[in-house]
Amino acid sequence: MSRSALPSFLRADVDLLFFGGKGGVGKTTCAAATALHRSRRQPVRLLSTDPAHSLTDSLAVDEPDDLPASLTVEELDAEAELDDFRSAYRETLFEIVDRGSLFDEEAIRQLLDLSLPGMDEVMAFLRLADQADRPTPDATSERELVVVDTAPTGHTLRLLDTPDQFARWVDFLDLLLEKHRTMRSVFGGGTEPDDLDRFVNTLSERTDRVHALLRTASRCRFVVVTQAEPVVEAETRRLVEALRDRSVSVAGLVVNRWREDDGAQTQAIRTLRASVSGTDPEVWILPEADTEIRGVDRLAAVWDQARPLPADPSPPVAAPCRTRSARPVPQVHAPLRPPAADLLLVAGKGGVGKTTVASATALRLARSASGDQAVLLASTDPAHSLAAALDAELSDDPTPVAKGLDAVEVDAAGRFEALRAAYGQEVRAFFRDAGGPNVDLTHDRRVTESLMSLAPPGIDEVMGWIAVMEFLDEDRYDVCVLDTAPTGHFVRLLEMPTVFGTWIRTFFRILRDHRHIVRLPDLVDRLVRLSKQVKALRSLFRTGTASVLGVTIPTAMAVAEMDDLRRSAAEHNAGLAALVVNRVAAATAPPSRRRADAAVLRRYRRVFRDVPMTLVSEGRPPRGARDLRHLGNRLYNRRE
């Protein structure tokens, strides 16, 4: 392929090149292929911000020396980064809070422990801040490119929003220093900035530089990876719109796993192209590979297969367009027994079909052989796909989608913002009516009102689980099927009830110990209710009434990721009830593909020999309640 025929992002002279999209579309493959291509002529750092890292598995190298000398691969260790941050700045942060707040030493240390609970987006933000702080190389130095393999859509958008959220945290620190500055000025300490001022100013400047970096097209570009399927197309459209709203430059769209003779794909990509026409990104296609693309040699050759999407992506005359009905429906081999759990968590790697399996399972459970059940199908993934899969309008309130089945896409962030707003309103009302020697109405009100800035990042997601508990508490439903975020964030979310419970108890203890200064009875009542709901959620795991239905695909990387997920779920008393291996090569697939899938399936049977397993072949993706109900009937035995 000639140089001019390559995507422009392979030549762009930028500092940061992001690859993002829905889980499972091939972000890691495209990011690694690009890093290998660019490392031929400049230093490249390939950075993964997805907590379920797959870069090492994708490159399939045993030693760093097996990679080009100009390529550095880094899978962000968020916990290690957090420990380093705390070690470096704990005493400085303590001194700032001590000087500017009305809380005692123990409360201050508790607040600092809760302010950054290891959320991956925050640590990735600080790494990007290091990138923004790099000096401009001189004429003789080679400029390092950072290629970022991101988490799936919802969490990638949170990463891009982190500069704004981090700025609120820095503003809180600055607010705490205001009283100290005033006292210094009044009592002769001068007005020149001291070490604490300089520390906060440095954090603020770093935040501003990252904000500017992400929004400067000459330094940062975003490549959206997608597939030409209706559910993926809908999420891709939302991602492109969200990037445009954030003024992040979209360098191109890569349509992966393109099948030349598939009419459904053609229609999906036409819809996508029409929806993003105002952004004018390049659109490139990568053909579907017969086997898993893994290893340096295969990754290095990825872009040799790329070509621009034609203006009218119609199949050639020799391969007439298949109609929707002509493509076979997925076949199920060895159906499962219907799962028995009060809370069924459908989990797995991004893009393996979790939403499809969750929807089909919920429809099957709603028409159980032992009698109809009231079932709630809920999504807590920030990038919801339930509405697209069910072909229905959904909201933050349960909506009937079939007999016995309601569905809801929980707006977890909105629910946490409502809690934050109610807190702020109550604080303002208290200080409006309060007075006395212990209350500085001009400073303590603002400090107390800003305390929500110390809520752990990601705590909004657990509000989605709390919403599910509220729905179950109403005794409207017998079982809840939860469509979860992809593996890395699902595992993190399993830990969040404990983190959230600790945060609630700490916040409650601070308010109780300082009730002689600040009284917020409505907030205390809310925290008590939230604490009870968190305990009820944790009780579901302890008593074994919550279980996991794993969804995966026949690739080596997916086997390893599912095994990691099983171990993490077991640590939280959620057993792997069954495994659905999706998109297994059909009888009409190329022999090389069938042989590769058979080898991986043998590995699944070894690793998960005690777990009931069913296989679902490739076929026309089901969409809408009717298709999904038929799939559910095939997935599970009719007799229970």
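Every value quoted in this text rests on a predicted model; they were computed, and no experiment measured them.

1. Details of the environment of Val 44
Mapped onto the elements, Val 44 comes out in strand E2 (residues 44-48). Val 44 sits in the buried class, given a relative accessible area of 0%. If near-sequence neighbours (up to four positions away) are discounted, Val 44 is found in contact with Ala 35, Arg 38, Ser 39, Ser 70, Leu 71, Thr 72, Glu 144, Leu 145 and Val 147.

2. Considerations on the confidence of the model for the chain
Taken as a whole, the chain shows an average pLDDT of 79; of its residues, 81% reach a score of 70 or greater. This stretch, residues 315-326, has a pLDDT under 50; its non-local contacts, to residues over four places away or in other chains, come to 16 contacts.

3. Overview of the sheet that holds strand E1 (residues 16-20)
Spatially, the eight strands line up as an open sheet ordered E3-E2-E4-E1-E5-E6-E7-E8, and their pairing is mixed. Every other strand in the sheet has two partners, leaving strand E3 (71-75) and strand E8 (307-308) as the edge strands with one partner each. Examined bridge by bridge, E2 and E3 share five bridges and lie parallel to one another. Bridge assignment links Leu 47 to a residue of E3, and that residue is Glu 74.

4. Focus on a negative patch on the surface
A surface patch of negative charge is lined by Asp 77, Glu 79, Asp 83, Asp 84, Glu 495 and Glu 571. With three residues, the single largest contributor to the negative patch is helix H3 (residues 78-100). For Glu 79, the position within the fold is in helix H3.

5. Side note on the packing of aromatic side chains
Under the counting rule described, the total for this entry stands at five aromatic pairs. Aromatic pair Phe 9 and Phe 19: ring centres 5.9 Å apart, planes at 85°, arrangement edge-to-face. Pair noted here: Phe 9 is in the segment before E1 and Phe 19 is in strand E1, with a separation of 10 residues, a long-range link. The exposure class of Phe 9 is buried, given its relative accessible area of 0%. Site record: aromatic cluster; members linked through ring pairs are Phe 9, Phe 19 and Trp 303.

6. Side note on the pairing of strand E6 (residues 250-258)
With eight of nine residues buried, E6 lies mostly within the body of the structure. One ladder, built from five bridges, connects strand E5 (residues 220-226) with E6; its direction is parallel. Counted as the bridge partner of Val 225 is Val 254 from E6. As a crossover connection, the stretch from E5 through helix H8 (residues 230-245) into E6 is right-handed. Here five bridges tie E6 to strand E7 (residues 282-287), and the two strands are oriented parallel to one another. Looking at E7, one finds that Trp 258 is bridged to Pro 287.

7. As for the sheet that holds strand E14 (residues 479-483)
The mixed open sheet is built from nine strands, whose spatial order is E9-E17-E16-E15-E10-E14-E11-E13-E12. If you trace the sheet from one side to the other, it starts and ends with strand E9 (332-333) and strand E12 (399-402), each paired once. Sheet analysis places strand E10 (residues 343-347) next to E14, joined by four bridges and oriented parallel. Opposite Val 346, over in E14, you have Asp 483 as the bridge partner. Helix H18 (residues 556-571) contacts E10, strand E15 (546-552) and strand E16 (575-584) of the sheet and is inclined by roughly 175° relative to E15.

What counts, and where the lines are drawn
- Numbering of residues begins from 1 in every chain and follows the order in which that chain's sequence is written.
- Restriction of local features to residues with pLDDT of at least 70 applies here, the model being predicted, together with a cutoff of 80 or more for giving and counting side-chain atom pairs; totals for whole chains, interfaces and linings are based on all residues.
- Calculated side-chain values reflect all of the structure's heavy atoms, with hydrogen atoms and water omitted.
- Helix and strand assignments come from DSSP, with helices taken as H or I runs of at least 4 residues and strands as E runs of at least 2, each series counted from the N terminus.
- For every residue, the accessible area (1.4 Å probe, protein chains only) is compared with the maximum for its type, and the residue is labelled buried under 20%, exposed over 50%, or partly exposed between those bounds.
- The contact definition used throughout considers only heavy atoms, calling two residues in contact when any of these lie within 4.5 Å.
- The predictor's confidence in any single residue is recorded as pLDDT, a number from 0 to 100.
- Note: two strands are recorded as paired if DSSP finds a minimum of 2 bridges between them.
- Here the term patch refers to residues with relative accessible area over 30% and no salt bridge, with like charges joined within 9 Å and nonpolar side chains (Val, Leu, Ile, Met, Phe, Trp, Tyr) within 5 Å.
- Areas reported here follow the Shrake-Rupley algorithm with a probe of radius 1.4 Å; residue values treat only the protein chains shown as occluding.
- Here a salt bridge means any side-chain nitrogen of Lys or Arg lying within 4 Å of a carboxyl oxygen belonging to Asp or Glu.
- Only four residue types enter the charge count: Lys and Arg as positive, Asp and Glu as negative, with His and the chain ends excluded.
- A charged residue contributes its charge at one atom only: NZ of Lys, CZ of Arg, CG of Asp or CD of Glu.
- Each Phe, Tyr or Trp ring, with Trp reduced to its six-membered ring, pairs with another whose centre is within 6.5 Å; inter-plane angles below 30 degrees give stacked pairs, above 60 give edge-to-face pairs, and intermediate values give tilted ones.
- Here, the term right-handed applies to a crossover whose path from the first strand over the helix to the second runs clockwise when the strands point away from the viewer.
- To get an axis, a line is fitted to the C-alpha atoms, and for a helix only the part in contact is used. The angle between two axes follows their N-to-C directions and goes from 0 to 180 degrees.

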